[in-house]
Amino acid sequence: MSIELAVIGGTGVYALGELADVETHQPDTRYGPPSGPVRVGTLAGKRVAFLARHGEGHSLPPHRINYRANLAALHALGITRVLALNTVGGITERFGPRVLACPDQLIDYTWGRVSTFCEEPGTEVLHVDFGDPYTPAWRRQILDAAQRAGVAVIDGGCYGATQGPRLETRAEIARMRRDGCDLVGMTGMPEAGLARELGLDYACLAIVANWAAGAGPEPDEVITLKDVLDNVAAAMDGVPRILHCLLSA
Ligand code: HPA
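Not measured: the values here are computed from a predicted model. (Residues numbered from 1 in each chain as written. Predicted model: local features only at pLDDT ≥ 70, side-chain atom pairs only at ≥ 80, totals over all residues. Heavy atoms only, no water.)

Caption draft 1: Inspection of the overall build of the chain at higher detail. Per the secondary structure count, the chain includes 6 helices and 11 strands. Taken against the 2.2 N^0.38 rule, which gives 18 Å for 249 residues, the C-alpha radius of gyration of the chain at 17 Å falls within 12% of a compact globule. Expressed as lengths along the three principal axes of its C-alpha atoms, the size of the chain is roughly 50 × 45 × 35 Å. Out of the 249 residues belonging to the chain, those deemed buried represent 54%. Pairs at least 24 residues apart make up 81% of the contacts formed inside the chain by residues separated by at least 6 positions. Of the accessible surface of the chain, which amounts to about 11000 Å², a share of 51% is contributed by carbon and sulfur atoms. In the chain, the 22 positive side-chain charges and the 29 negative ones have mean positions that sit 1 Å from each other. (Helix = DSSP H or I, 4+ residues; strand = E, 2+ residues; numbered from the N terminus. Rg over C-alpha atoms; globule rule 2.2 N^0.38 Å. Buried < 20%, exposed > 50% of the residue type's maximum accessible area, 1.4 Å probe, protein only. Contact = heavy atoms within 4.5 Å. Areas by Shrake-Rupley, 256 points an atom, 1.4 Å probe, with all protein chains shown as cover. Lys, Arg positive; Asp, Glu negative; His and termini not counted. Charge placed at Lys NZ, Arg CZ, Asp CG, Glu CD.)

Below is the structure:
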């Protein structure tokens, strides 16, 4: 049975407990091994793949993730649709902790990451269109599924991808707000760009874990890992229902 879609899990999401009859793949690619095993299981009668972006034990910081290997491994399994779960900080008013959002734009502030498959000598140089970095029709399907599932997901928003692994300064977040960012995370790029180079349908379901530095009602609040993980766990509650509706469509 072909694999309907892949979910890439971010910080705080290391497995999809709802998958049944799980088969484990340990792929290798010309770019090296992905972050960990690809778990393929059944959900709503369809085969779904899951990959933990940081590794199942969260051992890889954002700048050390082999984004090319992750996407190449999914592509080699015949997967054409990727739902990327990204844990983020919220910058603008609507994007507070525990909110789910499906952004429609991004700004890339990362540096020094291998961000293209056009790296080796001899590979064709692609200049892929990236005006809409997330596949519009795929986003629509995810948002429609969320609506059917009765799970609130904000439609739109701009994801700013930072280098990490440290969190941002208040001045950096103020600048990102001026730039038009609503969300900040460390793993949105180069993943989205690489997915486009491979011709995959790719969309992000952002899980807001905290107010970004200085963005919340208490501007000097310290962001703790415990708050991040608690908020991700709470916001993840609706995600299996969204997947169920997405796969039942
Ligand atoms: N900044 C960047 N990445 C994040 C944050 C943040 O505040 N929270 C979760 N991932």
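Here the narrative resumes, following the displayed structure.
Caption draft 2: Examining the UniProt feature "binding site: substrate" (unreviewed entry) in the chain more closely. Per the UniProt record, "binding site: substrate" (unreviewed entry) is annotated on M186, N210, W211 and A212. Within the secondary structure, W211 sits in strand β11 (residues 201-211). Here W211 is in contact with G90, I91, T92, E93, F95, G96, P97, G216, P217 and I223, once residues within four sequence places are set aside. Relative to the helices and strands, A212 resides in the loop between β11 and α5 (225-236). In this structure A212 comes out as buried when scored by relative accessible area, which is 4%. With sequence-adjacent residues up to four places away left out, A212 is seen in contact with G89, G90, I91, I173, V184 and I223. (UniProt positions renumbered as here; feature names shortened; annotations may be inferred.)

Caption draft 3: The pairing of strand β1 (residues 3-9), seen in detail. By the criterion of burial, β1 is predominantly enclosed, with 6 of the 7 residues buried. As defined by bridge partners, β1 adjoins strand β5 (residues 81-90) across 3 bridges and the pair is classed as parallel. Bridge assignment links V7 to a residue of β5, and that residue is L83. (Pairing = 2+ DSSP bridges.)

Caption draft 4: Structural view of the site of the ligand. Every residue near the ligand is listed here: T87, V88, G89, L167, E168, V184, G185, M186 and N210. A distance of 2.8 Å separates a nitrogen atom of the ligand from a polar atom in the side chain of E168. Take N210: an N or O atom from its side chain is 2.7 Å from a nitrogen atom of the ligand. Per-element tally for the shell around the ligand: the top contributor is β5, with 3 residues. Among the residues forming the shell around the ligand, the class breakdown is 4 nonpolar, 4 polar and 1 charged. (Near = heavy atom within 4 Å. Polar contact = N/O pair within 3.5 Å; in protein donor to acceptor, adjacent residues only side chain to side chain. Nonpolar A, V, L, I, M, F, W, Y, C, P; charged D, E, K, R; others polar.)

Caption draft 5: Spatial organisation of the UniProt feature "site: Important for substrate specificity" (unreviewed entry) in the chain. Those residues carrying the UniProt feature "site: Important for substrate specificity" (unreviewed entry) are E168 and L225 in this numbering. Across 58 residues in sequence, these annotated residues keep their C-alpha atoms within 14.4 Å of one another, forming a single compact spot. Apart from residues lying up to four places away in sequence, E168 is in contact with T162, I173, V184, M186 and A213. A distance of 2.9 Å separates polar atoms of two side chains, one belonging to E168 and the other to T162. By the element assignment, L225 lies in helix α5. For L225, a relative accessible area of 58% gives the class exposed.

Caption draft 6: A look at the environment of C204. Along the chain, C204 turns up in strand β11. Put simply, C204 and Y134 are 70 residues apart on the chain and 7.2 Å apart in space, counted from C-alpha to C-alpha. Once residues within four sequence positions are removed from consideration, C204 is found in contact with A84, N86, A101, C102, P103, Y134 and Y159.

Caption draft 7: Here's a closer look at the packing of helix α2 (residues 136-149) against helix α6 (residues 239-248). Packing of α2 against α6 brings their axes to within 8 Å, and their N-to-C directions diverge by 115°. For the element pair α2 / α6, the angle class is roughly perpendicular. Of the two possible hands of crossing, α2 and α6 adopt the one that is right-handed. In contact with W138, Q141, I142, A145, A146, R148 and A149 of α2, α6 contributes R241, I242, C245 and L246. Of the residues that constitute the contact of α2 with α6, the class distribution is 8 nonpolar, 1 polar and 2 charged. (Axes fitted to C-alpha atoms, helices over the stretch in contact; angles between N-to-C directions. Parallel < 35°, antiparallel > 145°, perpendicular 65-115°, else oblique. Left-handed = near helix turned anticlockwise from the far one by under 90°.)

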